[in-house]
Number of protein chains: 2
Amino acid sequence: MKENKYDDPQFFEQYSKMSRSVQGLDGAGEWHELKKLLPDFSGKSVLDLGCGFGWHCRYAVEQGAAYVTGVDLSERMLKKAEEMTRSPSIQYIHSSIEDFPYPENSFDIVISSLALHYVENYTEVCRKIFNSLREGGCFVLSVEHPIFTAQGKQDWHYGTDGNPLHWPVDHYFTEGIRQAGFLGNDVVKYHRTLTTYLNTLTETGFSLCRVVEPQPDSSMLDIPGMKDELRRPMMLIIQARKTPHLF
Amino acid sequence: MKENKYDDPQFFEQYSKMSRSVQGLDGAGEWHELKKLLPDFSGKSVLDLGCGFGWHCRYAVEQGAAYVTGVDLSERMLKKAEEMTRSPSIQYIHSSIEDFPYPENSFDIVISSLALHYVENYTEVCRKIFNSLREGGCFVLSVEHPIFTAQGKQDWHYGTDGNPLHWPVDHYFTEGIRQAGFLGNDVVKYHRTLTTYLNTLTETGFSLCRVVEPQPDSSMLDIPGMKDELRRPMMLIIQARKTPHLF
């Protein structure tokens, strides 16, 4: 059973107050890095897996994308996405990432922002994405960093003075379910190693282009607590391509 | 000044007692994974940076390499390497990794096992390796994992019962010198993020082929303390290739 926390009214309300929900892309700490890894959208057919409020879908169209399909499991998210969207080139589809039908050879660009750590079968989804991309197509994904998800509770280890002492890592090579605290709720996430994130892509047939652990933009470092984001990686962004293999 | 701890008699003696020094490759916990990432050596010209006792040099020749150059800063290490080596196809050179002259377009394979975290200027060394490789050539490196080097002291955070509670991560995005404890000594190492390790390679012109965080082989898990190696990654192995870029 796929968890759908984003349709829980209380969780949805909390999520809706996050700066990434209110301000959109500019309110997301990793956007300045993710943006650099997105390819040229002009005339392209784009699939956004876990599109949420549709910020990346609308951005793709603003950048010239011909068609964008946004997929999300949460009806509440999609309802708000539709309210915010004017473009006829964007179609929102209510589906889990796993169950979306993935038409073959249909997309030039697949993006997935902070959604794949909710997916149990990453290997199968990678295979479906690969088949759904055209040759030369680009897949850009961001997930919570394996160092962030490994131990499970996703919180600092605190000193006796109540300040974060360091980030605790444990159970790194034990992949699978974690009950993580997020917005005051327990949310099910799947921990995977960096090795799994990267080599599942190469084993599927993708070439790895870029791997980035985003740091907050220097302009954000005055925001309270933001300097702690330099103490451990929180996210991982990967850019991969479907190219003919040379060896 | 490049630190040369391996010529310190006491440190050298300690290092010489480690299982990777006594038993060679089979005594190294990561060998079963590193071996899989090594390309076919038949007839190849090989450079081993930080060759130590020469285990990988001799392995390359056993696997059919035509010529192998082993480079190390430690005269003591090279002396022992020469004592253990019969093959006329292996040449040992006393040099730091940074100062080796790197003849252009000369090697098919460059390997470097657990040495590049001692090197301050990784970018420059990557550029030299790239120029020294022939087109299609392969670079396989292992380093201590960024999660292992980030905080600095390279030790567990212990509970009141004296058992490891978790692995502490801190200062992740602050790259540079760390004074780490190793074999009862303070050793200077350089911490770099995963992003830096990988993207320096791609920016230099390499294609990323494989990225592996080795786990101990299941046959080793009965060795005392070995199960803790599943709790956090200790090493990172990268396989990259000098190929013409498609985009």
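Data block above holds the structure.
Residues numbered from 1 in each chain as written. Chains lettered and ligands numbered in written order. Predicted model: local features only at pLDDT ≥ 70, side-chain atom pairs only at ≥ 80, totals over all residues. Heavy atoms only, no water.

Peer 1: How do you make sense of the overall build of chain A when you look at a structure like this?
Peer 2: Within chain A, the regular secondary structure consists of eight helices and 11 strands. Relative to the compact-globule value of 18 Å for 247 residues, chain A shows a C-alpha radius of gyration of 18 Å, a close match. Projecting the C-alpha coordinates of chain A onto the three principal axes gives extents of approximately 55 × 45 × 40 Å. A buried classification covers 60% of the 247 residues belonging to chain A. The long-range share in chain A, meaning contacts at least 24 apart out of those at least 6 apart in sequence, stands at 65%. As displayed, chain A offers around 10700 Å² of accessible surface, 49% of which is attributable to carbon and sulfur atoms. Put simply, chain A has 25 plus and 33 minus side-chain charges, and the middle of one group is 2 Å from the middle of the other. (Helix = DSSP H or I, 4+ residues; strand = E, 2+ residues; numbered from the N terminus. Rg over C-alpha atoms; globule rule 2.2 N^0.38 Å. Buried < 20%, exposed > 50% of the residue type's maximum accessible area, 1.4 Å probe, protein only. Contact = heavy atoms within 4.5 Å. Areas by Shrake-Rupley, 256 points an atom, 1.4 Å probe, with all protein chains shown as cover. Lys, Arg positive; Asp, Glu negative; His and termini not counted. Charge placed at Lys NZ, Arg CZ, Asp CG, Glu CD.)

Peer 1: Honestly, unusual backbone geometry in this entry has me stumped. Any pointers?
Peer 2: Among all residues save glycine, negative phi is the norm, and among peptide bonds the norm is trans. Residue and element names in this part refer to chain A. For Tyr102, which is not a glycine, the phi torsion comes out positive at approximately 50 degrees. Tracing the sequence through the fold places Tyr102 in the loop between strand 3 (90–94) and strand 4 (107–113). Non-glycine residue Asn105 carries a positive phi angle of around 55 degrees. Summarising the element assignment, Asn105 is placed in the loop between strand 3 and strand 4.

Peer 1: Please explain the environment of Leu183 of chain B as it appears in this structure.
Peer 2: Residue and element names in this part refer to chain B. Position of Leu183 relative to the elements: it lies in the loop between strand 8 (176–182) and strand 9 (185–191). Measuring from C-alpha to C-alpha, the distance between Leu183 and Glu13 comes to 9.9 Å, with 170 residues separating the pair along the chain. If sequence neighbours within four positions are ignored, Leu183 has contacts with Phe11, Gln14, Tyr15 and Met18.

Peer 1: Could you clarify how one ought to interpret the packing of helix 6 (residues 122–132) of chain B against helix 8 (residues 194–204) of chain B in this entry?
Peer 2: Two measures define how a pair of helices packs: the angle their axes make with one another and the distance between the axes. Residues and elements named next belong to chain B. Interhelical geometry of helix 6 versus helix 8 gives an angle of 40 degrees and a closest axis separation of 10 Å. The orientation of helix 6 with respect to helix 8, classified from their angle, is oblique. Handedness of the helix 6/helix 8 crossing: right-handed. Taking contact as the criterion, the partners of Tyr122, Thr123, Cys126, Arg127 and Phe130 in helix 6 are, on helix 8, Thr196, Tyr197, Thr200, Leu201 and Thr204. (Axes fitted to C-alpha atoms, helices over the stretch in contact; angles between N-to-C directions. Parallel < 35°, antiparallel > 145°, perpendicular 65-115°, else oblique. Left-handed = near helix turned anticlockwise from the far one by under 90°.)

Peer 1: Looking at this structure, how should I read the pattern of salt bridges?
Peer 2: Pairs may arise between side chains of opposite charge once their charged atoms sit close together. By the definition in use, this model includes 22 salt bridges over all chains. Linking Arg231 of chain B and Asp170 of chain A is a salt bridge whose minimum nitrogen-to-oxygen distance equals 2.7 Å. With Arg231 of chain B in the loop between strand 10 (206–212) and strand 11 (235–242) and Asp170 of chain A in the loop between strand 7 (164–169) and strand 8 (176–182), this residue pair bridges two chains. For the pair formed by Arg231 of chain B and Asp170 of chain A, the shared burial category is buried. Each of Asp170 of chain A together with Asp228 and Arg231 of chain B takes part in a single network of salt bridges with overlapping partners. (Salt bridge = Lys/Arg side-chain N within 4 Å of Asp/Glu carboxyl O.)

Peer 1: Can you walk me through the packing of aromatic side chains in this structure?
Peer 2: Any aromatic ring pair is given by two values, namely how distant the centres are and how the planes are angled relative to each other. Residues and elements named next belong to chain A. Tallied over the full model, the rule gives 28 aromatic pairs over all chains. Seen from their ring centres, Tyr122 and Tyr197 are 5.1 Å apart, and the 75 degrees between their planes marks the pair as edge-to-face. Within this pair, whereas Tyr122 is found in helix 6 (residues 122–132), its partner Tyr197 is found in helix 8 (residues 194–204), the two being separated by 75 residues in sequence. Tyr122 sits in the buried class, given a relative accessible area of 2%. Overall, Tyr197 belongs to the buried group, its relative accessible area being 2%. (Phe/Tyr/Trp six-rings, centres within 6.5 Å; stacked < 30°, edge-to-face > 60°.)

Peer 1: Could you clarify how one ought to interpret the pairing of strand 2 (residues 67–72) of chain A in this entry?
Peer 2: One face of the sheet, then the other: side chains in a regular strand alternate in exactly this way. All names here are of chain A. Here strand 2 lies mainly inside the structure; five of its six residues are buried. Taken together, the five bridges between strand 1 (residues 45–49) and strand 2 define a ladder with parallel strand orientation. Looking at strand 2, one finds that Val46 is bridged to Val68. (Pairing = 2+ DSSP bridges.)

Peer 1: How do you make sense of the pairing of strand 1 of chain A when you look at a structure like this?
Peer 2: Residues and elements named next belong to chain A. The buried count for strand 1 comes to five of five residues, which makes it a mostly enclosed element. Residues Ser45, Leu47 and Leu49 line one face of strand 1 and the alternating positions Val46 and Asp48 line the opposite face, and both faces are buried. The pairing of strand 1 with strand 4 spans three bridges and is classified as parallel. Bridge assignment links Val46 to a residue of strand 4, and that residue is Ile109.

Peer 1: Explain helix 6 of chain A to me, please; I cannot follow it from the model alone.
Peer 2: The α-helix winds at 3.6 residues per turn, so residues separated by three or four positions along the chain end up facing the same way. All names here are of chain A. Those residues of helix 6 that fall on the buried side of the exposure criterion are Tyr122, Val125, Cys126, Ile129, Phe130 and Ser132. With its buried residues spanning 165 degrees around the axis, helix 6 presents them on a single face. On its buried side, helix 6 packs onto strand 1, strand 4, strand 5 (133–144), helix 8, strand 10 (206–212) and strand 11 (235–242). For helix 6, the N-terminal capping position is held by Asn121, with its side-chain oxygen 3.4 Å away from the main-chain nitrogen of Thr123. (Arc of directions from axis to C-beta. Polar contact = N/O pair within 3.5 Å; in protein donor to acceptor, adjacent residues only side chain to side chain.)

Peer 1: In this structure, what is going on with the interface of chain A and chain B? I would like to understand it.
Peer 2: Interface size is often expressed as the accessible area that is lost when the parts come together. Counting from both sides, the interface comprises 37 residues of chain A and, opposite them, 35 residues of chain B. With both sides pooled, the region where chain A packs onto chain B buries about 3200 Å², and carbon together with sulfur makes up 57% of that total. Taken together, the links from chain A to chain B amount to four salt bridges. Across the chain A-chain B interface, the total number found is 22 residue pairs in polar contact (both at pLDDT 80 or more). Contributions of two or more residues to the side of chain A that touches chain B are made by strand 7, helix 8, strand 10 and strand 11 of chain A. With three bridges connecting them, strand 7 of chain A and strand 7 (residues 164–169) of chain B associate as antiparallel partners. Paired with Val169 of chain A across the two strands is Trp167 of chain B, which belongs to strand 7 of chain B. (Buried area = accessible area lost by both parts, 1.4 Å probe.)

Honestly, it's all geometry; don't read function into it.
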